[in-house]
Structure formats: structure tokens, C-alpha cells
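Listed below are the residues making up each chain.
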Amino acid sequence: MSTGKHAKAPTSSGTGTRLTGAEIMWATLEGEGVDVVFGYPGGAILPAYDALRKFPIRHVLVRHEQGAAHAADGYARASGKVGVAIATSGPGATNLVTGIATAMLDSVPMVCITGQVSSKVLGTDAFQEVDITGITLPVTKHNYVVTRAEDVAPMIREAFLVARSGRPGPVLVDITKDAQQGSAEFDFAAAAPRPHRPHPMLKTESASILQAAELIRNAKKPVILAGHGIIQSNAYAEVLTLAERMRIPVASTLLGLGAFPASHPLSLGMMGMHGEAWVNHAIQQSDLLIACGMRFDDRVTGSLATYAPNARKIHIEVDPAEINKNVKVDVALIGDLKEALEALLPHLAPKPAKHESAWLKEIDASKGEVAVRDIRNLPDSGHLYAAHVIHDLWRATDGKAIVVTDVGQHQMWEAQYYKHDTPRTLITSGGLGTMGFALPAAIGAKIACPEKEVWVVAGDGGFQMTAAELSTAAQEELDLNIAVVNNGYLGMVRQWQEFFYEKNYESSPLRSPDFVKLAEAHGIRGLAVRKRSEVLPAVKEAREHKGPFVINFLVEKEDSVYPMIPAGSALHEMIRRPNQNPLVETAEDK
Amino acid sequence: MLHTFVALVEDKPGVLTRVASLFRRLNINIVSLTVGHSERTGVSRMTIVCEASPTAGHRIAASLYKLENVLQVDDIGQLSHVARELALIKVAATPQTRSQVFELAEVFRARIVDLAPESLMIEITGVESKIEGLIQVLNEAGDRILEISRTGRMVMRRGQHTSKVLDAMRVPGVETVAEFKSEEESSASSDLLMAEETGL
């Protein structure tokens, strides 16, 4: 790789060819390994669209720019590569913002390219001009304004480097129309950015490693907190080794689901606001938390004053700004998770195979009682519960589908009842909680992994926010299955109103169009399901069908997600599932 | 408590906004912020003073480093350093009352840099408390202060001889002051300095 410093000097490039800025943009994307982009054309980005036909890059036309950003996000989460979204200036650019913020909060590598008015009229309120770099400053890792054709390649290359290095995130490159129309020498290699500066506060020195190892060896009640960082850092094997070698149970954050196999005996499941009681109890009782690539979000900790009061804490994290942000830790290993664990593991001798852990037994004992309350264990009373839908979906797909969820009750039910054994199979908006995420993100995920089965699980509220993307799925002929968990309410809002606002269901009941007819209007097959016995046949039909398929699951209207820790309460102060019926195993559950 | 950070940043449009925006997001009030050239072309030096909890220093420094344009951050804290601020103070004074202001300025080792029939301007350099002391005695002496312009604090750590900028930029082979100087002397900026000194 040649040094980036001379990228702008035309004389340094003997092999360069003269291209327009628009052509340079595509050529640079191609050089960065991009073969698909999600976008929507418009005036200020038209020179780029005009040049697209010369390059082997697939363009997916979305129906709203927010969809482009979510699709690029879903593509990135499913594949681990950098997703690319393209929009025009002004409203096109502002429509990306929600999608960019979603990627920022969940540390997803993404590059957004926006057209901008000509550099000569910048700042004059020209038609469709908006200060998009100003607007996106707090929700991007970094952003660039490009006003000259010769800057296009170095800026885009730097954007890719920034997006995927350290803690990943979205980067926006705003390219003026004259920069697209102008021409410059193009030399991909010469445009390489200078090596990325690692965050200077990274710190995984041997003293801390030894200290962490010491804490782990001496812990009686350790718990691993598995976060999104395991997936970002590709550290599954190391986390698995740590857990198995030291017999440590693993609790996952929402975005950490799939990073540790759910079917593993040491897997506890999801922690936090809607985590099962035993998971949160284990954390509260623990004497050592080993936080791996997670950030102690408020949905995970509940009240900080009462969080894991007896536990020492080891935090392994790539972003130094996360250390001691919410929870004060005893040992911090600041750096890439995989590398930190690789350094840590040699200091940990395996526990004897016959080692009987009182701690694991204690956790196991607390699980039994929960099964009684589990809705799956109730007899078929003619009602269709969302939990049934997700549980059956999990069984029918053998737990192997990529599930892309929206935000709300169905999202939590998915997290509870769909057991993810492999990483990058649950794609969901965790940090920002963006309704409308699922369908466009699933389009990106399906395009990233065409050979995988992809399911959208969305509520009736969120689905309607971006339902226009059905048209995109139809146009691209994507084999995408869409499950709408339809309860006629903005369900999570209704649940909060039930619990905390005296059942004042203000503005949460929701009338929806007939989703089956809506699907049919898009040339998509649709099916409505009202009974539990119809779930599996419908799922089967959708799986066998080629092309998009919508199932409208009309579920129990006023069902709630349990357990629930009210916001700001202690982790052990949860609202439990109502113990409504005696335990009866239905034939289906055997 | 007051925190003081020295940040070396790329001299590019928008960098000040990024730094300021970070403090806004953290809901931390900036007490003073001074920006100027550093020892290296293309690199600016910022001194940022802010009011934040005693434990906030680590997170602010770590967040500053996350900005792509920030090359180096130094949390001055209790480290040994020199801090200075410059202030221009315009005081209402007639030919009859001037001498009293002159005396006060003398005590504070301040200079009179402008004299007009109804006012005079004082230039004072020092730590904040010294400047505040002069303002206080002027007020107590009944001199009417018309205008104050203060630069805010700028600091430099004592006794470190390497160029922080070159360190931060990780320029290989240029590490000592001597080498740095010889490089600077041959550049255009030293020609400018000479031109200024000879009055050209």
C-alpha cells in the first residue's frame, strides 16, 4: 500500500486515469469491495447515478431514504461488511438521519453518500440545500464535505477506514455536484488513507490481564455479560472457551444474542428490562461480572445504585469512553475483545471436568418456577399469543433463520422465544429503538445473505412506518418472509400505560389496513392467521413460497411482555408473569 | 471542579464545532476556550477549561480522542504547568484621574496600551486570580470599567522538551526540539518572523 500523503498530488500517480468525480466515486466504492448500494436519486446526486451503469455495482431503489440507511445497516449487520446508502441533497439527506442515528447507537459500520449543491452556491439556501454535515455531526463517527473531484477517492477511502476501525459506526460523505462533474486523476492505491490512529487510551497491559485472571480464578459466582462487541470483534470462540474452561454462565444483552449459543448449557439468555428472572437474579447475586463488549446500558442495569452490589467488575471494551461511564469497574481491559481474551486465556487453568459448581446449581434451581408462568406451557385456549408465534417460528426454522425485528413488544418476545445459536442471526435496533427498522433492514440482510432464510418480525405500528418498502422487496424479487404481530395497539406503549399510567390508553389503539390486501396490492402473497393451530402451516407456506410473503398474525390484543423491570428500578424488582393457569404441557410442546 | 484540557487538533474547517458539540452533548459548560496555531503548520492548539464532576476527566479526554480530527489530548489536572491569561481592560479616566489608575496598573505589572481623553486601556497578563484582582481593585477604587476582553486560560506543562505535535502526528525521526527547530528555521514562517522584526 502506498502512503496516503501524496494522494492529492497528480504527479505521484503514474497509473492514474482521468475520470469524473462521479466515476471516481463508484470506482472507489468498487475498490473498497462494494457490490451493492441502497439509494434514491435526486438532482444533486444525478451525475453519480448517470455514471453508475459503467460499474458492476447493484443499486437497490428504496421507497424512502430512511429505508436506504436501514437497508445498508441490515446489510452490514448480516454480513459484517460496510453498508452503503446513497441519497440526494436536502430532503434526501435529512431522511437518512434516523437510519444514521440507528447505526451510530448500535455501532454499525456504514458509509452514507449524499449529493450536495454546487460548491459555488454552498451556504446560499440554494434549492434542496441543507447543512447535512452539521445535522449529522452528533450521529456520525465522522463526516466529510467534498468539493473537488480529486478529493473524492481519498475521502471515501478514509470514510471506509473510519467506519470499520475501532468501535465501528456510520460515516457520511457529502459530495457537491461540481465535485461529481469535475474530473481528476484516479489512482485507487494512491488514495489510501494514512493508517488509522488507534485510540491512544487503549490499555491491555499485562498487569491488568493478570489482575483480571486473578479475579476470575477466585470468583465463586461469576457471570459473563455478552454484548454486541463479541460479534463486532469476531470473538465467539474466545468467549466460548472462557465460559467452558472456567464454567461461567453467560448472560446476553439484546444485541449480544447469538454471540453465545442459546442452546449451550451455560447460556442464561437475555438480561435486563425484559430478561428472565433467573438471569437478572444471577447478575444481582454475582461476585464477578465479566463484561465483554457491552456498555452497561440503562435497559440492562436498571437502577445503578443497586446494580450487582456484591460483584467485582471486569470490563473488556474497545471504546475507552465507555469505561466507568455508567458502572464503576475494578479492572478495565481497553482494546479489541478478541485480542484481550487471547491474552487473558493462557492465564486461566481449566476447572476440573468433574467440578460441580454450586453457583450453576443455584441458578438452575431458580429456573424451575419460571416454567410454570411461561405462556408456551399453557393449553391452547383458542387465543393466539405472540409468544406462540415466535416459538413456532423458531421451531419451524430450526432456529437457523436471520430474524430482523422492529421495536416494541414483538421485539422482546422475539428475544425471549427465538433461540439464536449463531451470530448475526438477530438484527434489531437496540440503542436507538427505531420503529420502522425491520422491513428495510431485512431487505439489506437478505441481499447480504441471499442463501439464508430471512424473517421480518414487526408489530402493526412499526410495520406501517416503513411499509412502503414492500414495494422494494417486490421489485427486487426478494425471498423475504414477513410476520406482522398485529395486536391493534402500539403494544409497548399500551403496556406502559397499563402498568404506569392507570390504563389510560391514550393514542395507542391503532387501526391498520388489511395487511393481506396491502401485500396483494404489491403483488405479494399474504395470509392472515388467527389461531395457534394455523401458525405452523402458515409459516410452512411462507417458507416454501418463492418471493416475499406477508403473514398477518392477529394476536391477543392486551398481552404484555413479562417479566418487566420498570425503568429506573433495581434489577431484581421485576413485574413477574401472572401465574394464571396450572402447568399443562400441550402436545405441540413435546 | 474545573478541568483543563489541551487538545492538538487538525487545522481544518468545522473542527471547533466538533469539539464544542462534544461538550454540548455531554451537557458540560465550557468556561473558556482558546485556539491558536501550534509549533506545526496545520495543527491548532486548544486550551479548554470546563466545569465538570471530578471523575469526568477520563471520559472527556476519551471522547475528545474519538473525534477524528483530534491528534492529542492532555488532561492537565494537577500536573505541574504554567497557566496564563491575557486581558484588555478599558477604564474611564480623565487627565485628572489617570494617575491613580497608573499606580494600580503598576502594582499589577500591567501596561497602559492606549490613552484617550476619557479613557485608557490596560493590558494585563497572568493567572486568572491576578486579572480578577486588578478588576476588583479598579472597581473598589471607583474607576468605571467600560470594557473587558479576556482570552481565557492557556496552559503549558512544565519541563517537557519534545514537540507534542510531532509526537501526536507520529512523525518518524523528528523528535527533539533541536531537530524541530532546524526544520522550522528553513521554512517560510521564520522568514516571516524576521520580516516582522526588521519592520519590513
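**Student:** How would you summarise the overall build of chain B if you had to cite specific residues and measurements?
**Tutor:** Counting its regular elements, chain B contains 7 helices and 9 strands. Evaluated residue by residue, chain B yields a buried proportion of 26% over its 200 residues. Within chain B, residue pairs in contact and separated by at least 24 positions form 69% of the contacts whose partners lie at least 6 positions apart.

**Student:** A description of the overall build of chain A should follow, citing residues and the corresponding values.
**Tutor:** Across its full length, chain A holds 23 helices and 20 strands. By the compact-globule yardstick of 25 Å for 590 residues, chain A fits well, its C-alpha radius of gyration being 25 Å. Reported as C-alpha extents along the three principal axes, the dimensions of chain A are approximately 75 × 65 × 40 Å. When the 590 residues of chain A are sorted by exposure, 54% land in the buried category.

**Student:** An account of the pairing of strand S2 (residues 36–39) of chain A is needed here, citing residue identities and associated values.
**Tutor:** All names here are of chain A. Two strands pair when backbone bridges link them, and S2 and strand S3 (residues 58–61) are joined in this way by 4 bridges, in the parallel orientation. Counterpart to Gly39 in the pairing with S3 is Leu61. What joins S2 to S3 is helix H2 (residues 46–51), and the crossover it makes is right-handed. Bridge count for S2 against strand S4 (residues 83–87) is 2 bridges, and the pairing is parallel. The partner of Phe38 across the bridge, within S4, is Ala85.

**Student:** Which residues make up the packing of helix H3 (residues 65–79) of chain A against helix H5 (residues 97–105) of chain A, and what are the values?
**Tutor:** Residue and element names in this part refer to chain A. The contact between H3 and H5 brings their axes to 7 Å, and the two run at 25 degrees. In terms of orientation, H3 and H5 fall into the roughly parallel class. Contact with H3, carried on its side by Gln66, Ala69, His70 and Asp73, involves Thr98, Gly99, Ile100, Thr102 and Ala103 of H5 and no other residues of that element. When its residues are assigned to classes, the contact of H3 with H5 shows 3 nonpolar, 5 polar and 1 charged.

**Student:** Break down the packing of H3 of chain A against helix H18 (residues 438–448) of chain A for me, citing the residues and quoting the values.
**Tutor:** Residue and element names in this part refer to chain A. Contact pair H3 / H18: the axes reach a minimum separation of 6 Å and the direction vectors enclose 45 degrees. When the interaxial angle is binned, H3 and H18 end up oblique. When you trace H3 past H18, the crossing you get is right-handed. On H18, the residues touching Gly67, His70, Ala71, Ala72, Asp73, Gly74, Tyr75, Arg77, Ala78 and Ser79 of H3 are Pro440, Ala441, Ala442, Ile443, Gly444, Ala445, Ile447 and Ala448.

**Student:** Outline unusual backbone geometry, supporting the account with residue identities and numerical values.
**Tutor:** Residue and element names in this part refer to chain A. Omega for the bond connecting Tyr562 with Pro563 falls within 30 degrees of zero, at -10 degrees, which places this linkage in the cis form. Position of Pro563 among the secondary structure elements: in the segment after strand S20 (549–554). Positive phi outside glycine occurs at Gln128, with the angle close to 60 degrees. Within the secondary structure, Gln128 is located in the loop between strand S5 (110–116) and helix H6 (132–136). By the C-beta count within 10 Å, which is 16 here, Gln128 ends up partly exposed. A positive phi angle, close to 55 degrees, is found at Lys503, a residue other than glycine. Looking at the element boundaries, Lys503 is found in the loop between helix H21 (491–500) and helix H22 (515–521).

**Student:** Lay out the environment of Ala179 of chain A in plain terms, naming residues and giving numbers.
**Tutor:** All names here are of chain A. For Ala179, the position within the fold is in helix H8 (residues 177–181). By C-beta crowding, Ala179 is classed as buried, having 28 other C-beta atoms within 10 Å. For the pair formed by Ala179 and Ser118, sequence separation is 61 residues and the distance between their alpha carbons is 7.7 Å. Setting aside residues up to four positions removed in sequence, Ala179 forms contacts with Gly21, Ser119, Val146, Thr147, Arg148, Ala149 and Val152.

**Student:** So, the sheet that holds strand S17 (residues 454–459) of chain A: which residues are in play, and what are the values?
**Tutor:** All names here are of chain A. The 6 strands lie next to each other as S16-S15-S17-S18-S20-S19, forming an open sheet whose pairing is parallel. Two strands close off the open sheet at either side, each with one partner strand: strand S16 (426–427) and strand S19 (525–529). As judged from the 5 bridges shared by S19 and S20, these two strands associate in the parallel manner. Bridge pairing in S20 places Ala528 opposite Asn552. Each of strand S15 (402–405), S17 and strand S18 (480–486) touches helix H17 (residues 409–417); the most contacted strand, S17, lies at about 135 degrees to it. The sheet strands contacting H18 are S15, S16, S17 and S18, and the helix crosses S17 at an angle near 175 degrees.

**Student:** Tell me what's going on with the domain arrangement of chain A, and back it up with residues and numbers.
**Tutor:** All names here are of chain A. Partitioning chain A into domains gives domain 1 (4–191), domain 2 (206–363) and domain 3 (374–589). Taken residue by residue, the interface counts 24 residues in domain 2 and 24 residues in domain 3. Among the elements that line the side of domain 2 that touches domain 3, the one with the most residues is helix H12 (residues 277–285), at 5 residues. Per-class residue counts for the side of domain 2 that touches domain 3 are 13 nonpolar, 10 polar and 1 charged.

**Student:** Lay out the interface of chain A and chain B with the relevant residues and their values.
**Tutor:** Facing the 11 residues of chain A at the interface are 11 residues of chain B. Each residue belonging to the side of chain A that touches chain B can be placed in one class, and the counts come to 7 nonpolar, 3 polar and 1 charged.

**Student:** So what's going on with the domain arrangement of chain B? Residues and values would help.
**Tutor:** Many analyses report the size of an interface as the accessible area lost when the parts associate. For chain B, the assigned domains read domain 1 (1–79), domain 2 (82–150) and domain 3 (170–200). On a C-alpha basis, the centres of domain 1 of chain B and domain 2 of chain B stand 30 Å from each other.

**Student:** So, helix H7 (residues 149–164) of chain A: which residues are in play, and what are the values?
**Tutor:** A rise of 1.5 Å per residue sets the reference length of H7 of chain A, with its 16 residues, at 22 Å; its end C-alpha atoms lie 24 Å apart and thus fit the reference within 8%. Most of H7 of chain A is tucked away, with 15 of its 16 residues classed as buried.

**Student:** Lay out the sheet that holds S5 of chain A in plain terms, naming residues and giving numbers.
**Tutor:** Residues and elements named next belong to chain A. The 6 strands lie next to each other as S3-S2-S4-S5-S7-S6, forming an open sheet whose pairing is parallel. Strands at the two margins of the open sheet, each flanked by one partner only, are S3 and strand S6 (142–146). Geometrically, the sheet is characterised by an average inter-axis angle of 20 degrees between neighbouring strands, direction not taken into account. Contacts from H7 reach S5, S6 and strand S7 (170–176), with the element oriented near 170 degrees to S7.

**Student:** Tell me about the environment of Arg312 of chain A, residues and numbers included.
**Tutor:** Residues and elements named next belong to chain A. Topologically, Arg312 is positioned in strand S13 (residues 312–317). Here the alpha-carbon distance between Arg312 and Lys328, two residues 16 residues apart in the chain, equals 9.4 Å. If we skip the residues at most four places from it in the chain, Arg312 touches Leu215, Asp287, Leu288 and Asp330.

**Student:** Explain the confidence of the model for chain A residue by residue, including any values.
**Tutor:** Parts of the prediction with low pLDDT should not have their coordinates interpreted in detail. Residues and elements named next belong to chain A. The predicted model of chain A averages 92 in pLDDT, with 93% of residues at 70 or higher. Note on residues 1–14: pLDDT under 50 across the span, and 23 contacts to partners over four residues away in sequence or across chains. Per-residue pLDDT stays below 50 along residues 581–590; that stretch engages in 12 contacts with residues further than four places along the chain or on separate chains.

**Student:** So what about the confidence of the model for chain B? Which residues, and what values?
**Tutor:** Per-residue confidence for chain B gives a mean pLDDT of 84; residues scoring 70 or more make up 80%. Taken together, the stretch residues 173–200 of chain B has pLDDT below 50 and engages in 16 contacts with residues farther than four places along the chain or on a different chain.

**Student:** Any chance you could break down the pairing of S4 of chain A for me, citing the residues and the numbers?
**Tutor:** Regular strands place their side chains on alternate faces of the sheet. Residues and elements named next belong to chain A. The element S4 is largely enclosed, with a buried count of 5 among its 5 residues. With burial as the criterion, each face of S4 is covered, one bearing Gly83, Ala85 and Ala87 and the other bearing Val84 and Ile86. Across 5 bridges, the pairing between S4 and S5 is parallel. Residue pairing across strands places Gly83 opposite Met110, the latter belonging to S5.

**Student:** Lay out the environment of Pro56 of chain A with the relevant residues and their values.
**Tutor:** All names here are of chain A. In this fold, Pro56 is placed in the loop between H2 and S3. Considered as a pair, Pro56 and Val36 are 20 residues apart in the sequence and their alpha carbons are 8.8 Å apart. In contact with Pro56, not counting residues within four places along its chain, are Glu30 and Asp35.

Cut-offs applied
- Residues numbered from 1 in each chain as written.
- Chains lettered and ligands numbered in written order.
- Predicted model: local features only at pLDDT ≥ 70, side-chain atom pairs only at ≥ 80, totals over all residues.
- Helix = DSSP H or I, 4+ residues; strand = E, 2+ residues; numbered from the N terminus.
- Buried ≥ 20, exposed ≤ 12 C-beta atoms within 10 Å, placed from the backbone.
- Contact = placed C-beta atoms within 7 Å.
- Rg over C-alpha atoms; globule rule 2.2 N^0.38 Å.
- Pairing = 2+ DSSP bridges.
- Right-handed = clockwise from strand over helix to strand, strands pointing away.
- Axes fitted to C-alpha atoms, helices over the stretch in contact; angles between N-to-C directions.
- Parallel < 35°, antiparallel > 145°, perpendicular 65-115°, else oblique.
- Nonpolar A, V, L, I, M, F, W, Y, C, P; charged D, E, K, R; others polar.
- Left-handed = near helix turned anticlockwise from the far one by under 90°.
- Domains from an automatic or database assignment.
- Expected span 1.5 Å × (residues − 1).
- pLDDT = per-residue confidence, 0-100.

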